[in-house]
Amino acid sequence: MNKTYQFVIELKRPSYKSINWISQLMLLLSLAAFTFVYFQGLAQPKIIICIIGIIAWWTFCFWQAKNGKIVYYRIGLLFACLGWFFVQNGKWIGLIFLAAAILEKQAKFPQEIAFDNDEIVFNTFPKKQYSWTDFNNILIKDGIITIDFKNNKLLQKEIQSGSTAQDEQEFNEFCSQRLHTIS
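A brief report on the enclosed structure follows. Note that the structure is a prediction, hence the values are computed from the model and not measured. (Residues numbered from 1 in each chain as written. Predicted model: local features only at pLDDT ≥ 70, side-chain atom pairs only at ≥ 80, totals over all residues. Heavy atoms only, no water.)

**Quick word on helix α5 (residues 165–182)**
With 18 residues, α5 extends 26 Å from end C-alpha to end C-alpha; this agrees with the ideal 26 Å at 1.5 Å per step. Restricting attention to buried positions, one finds in α5 the residues Glu 168, Phe 171, Phe 174, Cys 175, Arg 178 and Leu 179. The buried residues of α5 occupy an angular sector of 130 degrees when projected down its axis, which confines them to one face. Of the exposed residues in α5, the ones pointing more than 90 degrees away from its buried face are Ala 165, Gln 166 and His 180. For α5, the secondary structure elements touched by its buried residues are β1 (7–10), β2 (112–115), β5 (135–141) and β6 (144–149). (Helix = DSSP H or I, 4+ residues; strand = E, 2+ residues; numbered from the N terminus. Expected span 1.5 Å × (residues − 1). Buried < 20%, exposed > 50% of the residue type's maximum accessible area, 1.4 Å probe, protein only. Arc of directions from axis to C-beta. Contact = heavy atoms within 4.5 Å.)

**Section: the side chain of Glu 104**
Along the chain, Glu 104 turns up in helix α4 (residues 91–107). We classify Glu 104 as buried; its relative accessible area is 3%. A distance of 2.9 Å separates the side chain of Glu 104 from the backbone nitrogen of Tyr 73, its partner in a polar contact. When near neighbours in sequence (up to four residues on either side) are disregarded, Glu 104 contacts Ile 19, Asn 20, Ser 23, Val 71, Tyr 72, Tyr 73 and Arg 74. (Polar contact = N/O pair within 3.5 Å; in protein donor to acceptor, adjacent residues only side chain to side chain.)

**Details of a nonpolar patch on the surface**
A cluster of nonpolar side chains, namely Ile 75, Leu 78, Phe 85, Leu 95, Leu 98, Ile 102 and Leu 103, defines an oily patch on the protein surface of about 600 Å² accessible area. Secondary-structure elements contributing two or more residues to the nonpolar patch are α3 (74–86) and α4. Ranked by residues supplied to the nonpolar patch, first place goes to α4 with four residues. Along the chain, Leu 95 falls in helix α4. (Patch = residues over 30% accessible without salt bridge, like charges linked within 9 Å, V, L, I, M, F, W, Y side chains within 5 Å. Areas by Shrake-Rupley, 256 points an atom, 1.4 Å probe, with all protein chains shown as cover. Salt bridge = Lys/Arg side-chain N within 4 Å of Asp/Glu carboxyl O.)

**A look at the pattern of salt bridges**
Where charged atoms from two side chains of opposite charge come close, those side chains can pair. Scanning all chains against the criterion turns up three salt bridges. With its nearest N and O atoms 3.6 Å apart, the salt bridge here joins Arg 13 to Glu 10. Across the pair Glu 104 and Lys 108 runs a salt bridge, and its minimum N-O distance is 3.0 Å.

**Regarding the sheet that holds β1**
Strand order across the open sheet formed by four strands is β1-β2-β3-β4, with antiparallel pairing between neighbours. The sheet is open, and its two borders are formed by β1 and β4 (128–131), each paired with just one other strand. Each adjacent strand pair in this sheet contributes to an overall mean axis angle of 15 degrees, direction not counted. Note: β2 against strand β3 (residues 119–122), three bridges, orientation antiparallel. Bridged to Ala 114 within β3 is Val 121. (Pairing = 2+ DSSP bridges. Axes fitted to C-alpha atoms, helices over the stretch in contact; angles between N-to-C directions.)

**So, the packing of helix α2 (residues 47–66) against α3**
At a minimum axis separation of 9 Å, α2 and α3 run at an interaxial angle of 165 degrees. Judged by the inter-axis angle, α2 sits roughly antiparallel to α3. Crossing handedness for the pair α2 and α3: left-handed. From α2, Ile 47, Ile 49, Cys 50, Gly 53, Ile 54 and Trp 57 reach across to α3, where they touch Arg 74, Ile 75, Gly 76, Phe 79, Ala 80, Leu 82, Gly 83 and Phe 86. Residues of the contact of α2 with α3, tallied by class, amount to ten nonpolar, three polar and one charged. (Parallel < 35°, antiparallel > 145°, perpendicular 65-115°, else oblique. Left-handed = near helix turned anticlockwise from the far one by under 90°. Nonpolar A, V, L, I, M, F, W, Y, C, P; charged D, E, K, R; others polar.)

**Focus on the pairing of β1**
Side chains Phe 7 and Ile 9 of β1 all project onto a buried face; the interleaved residues Val 8 and Glu 10 project onto a face where none is buried. Here four bridges tie β1 to β2, and the two strands are oriented antiparallel to one another. What sits directly across from Phe 7, in β2, is Phe 115.

**What about the packing of aromatic side chains?**
Scanning the entire structure with this criterion turns up 14 aromatic pairs. Relative to Phe 149, the ring of Phe 135 has its centre 4.8 Å away and its plane inclined at 45 degrees; by these criteria the two rings are tilted. Residue Phe 135 is found in strand β5, and its partner Phe 149 is found in strand β6; the two are separated by 14 residues along the sequence. For the residue pair Phe 135 and Phe 149, the accessibility class agrees, reading buried in each case. Taken together, the ring pairs connect Phe 7, Phe 115, Trp 132, Phe 171 and Phe 174 into an aromatic cluster. One residue, Arg 74, lies across the ring of Tyr 72, its end atom 4.9 Å from the ring centre. In this arrangement the basic side chain of Lys 105 is found over the ring face of Tyr 72, its NZ or CZ atom lying 4.7 Å from the centre. (Phe/Tyr/Trp six-rings, centres within 6.5 Å; stacked < 30°, edge-to-face > 60°. Lys NZ or Arg CZ within 6 Å of the ring centre and 35° of its normal.)

And the structure:
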C-alpha cells in the first residue's frame, strides 16, 4: 500500500557527468573488446547483436542528451553484459556490467524527502524514516531546505525549482506546527 504525503520535496539533481563518463567508457571498452574478439574468432557470432545494440542505444542516449534529458546507459550496459557472456571467460566481467546497469538507475534517482503528520522519509537506499521528534527545525528559504536534527546534524540542500514563496510559507507553517505539536 502506498502512503500519501502532504509534502514531497525534490532536491536539486547533481551533475551526472562522472556517472555518464564511466558508463560511456565501459561501453567503449566493450565495443573495442567485442570487435577484436569477433574478428579473431574468439567469441560466438551472436556478439554482433550486442555490438549493434550498444551502438544503437548509445546513439539514442546521445540524442536524449542533446534534448536536455537525463540519459540512462543501462540498456547499453545490459547489451554489453550479454556480450561478455558470449566471450570466453567473460562471465565475471558480464556480472560487473550487470551490477553497473542496475546501480546506474539508483544513482540517478531523484532525491526526495517526504513529509506527513507522522514521519519524514528520505528516499535513499535504503529508505530512511524519521519521527518528528528527531528534529529541532525544518524550513525552506530561498529554495534551500534546512533540516536541523536533534543529534547536531545539519542538512542543507538546494531544492528543484518550481516552488513559490507561498509554497515555502505553507511548508514552513506545516513543519513548525508539527514540531510544536510534538514538543
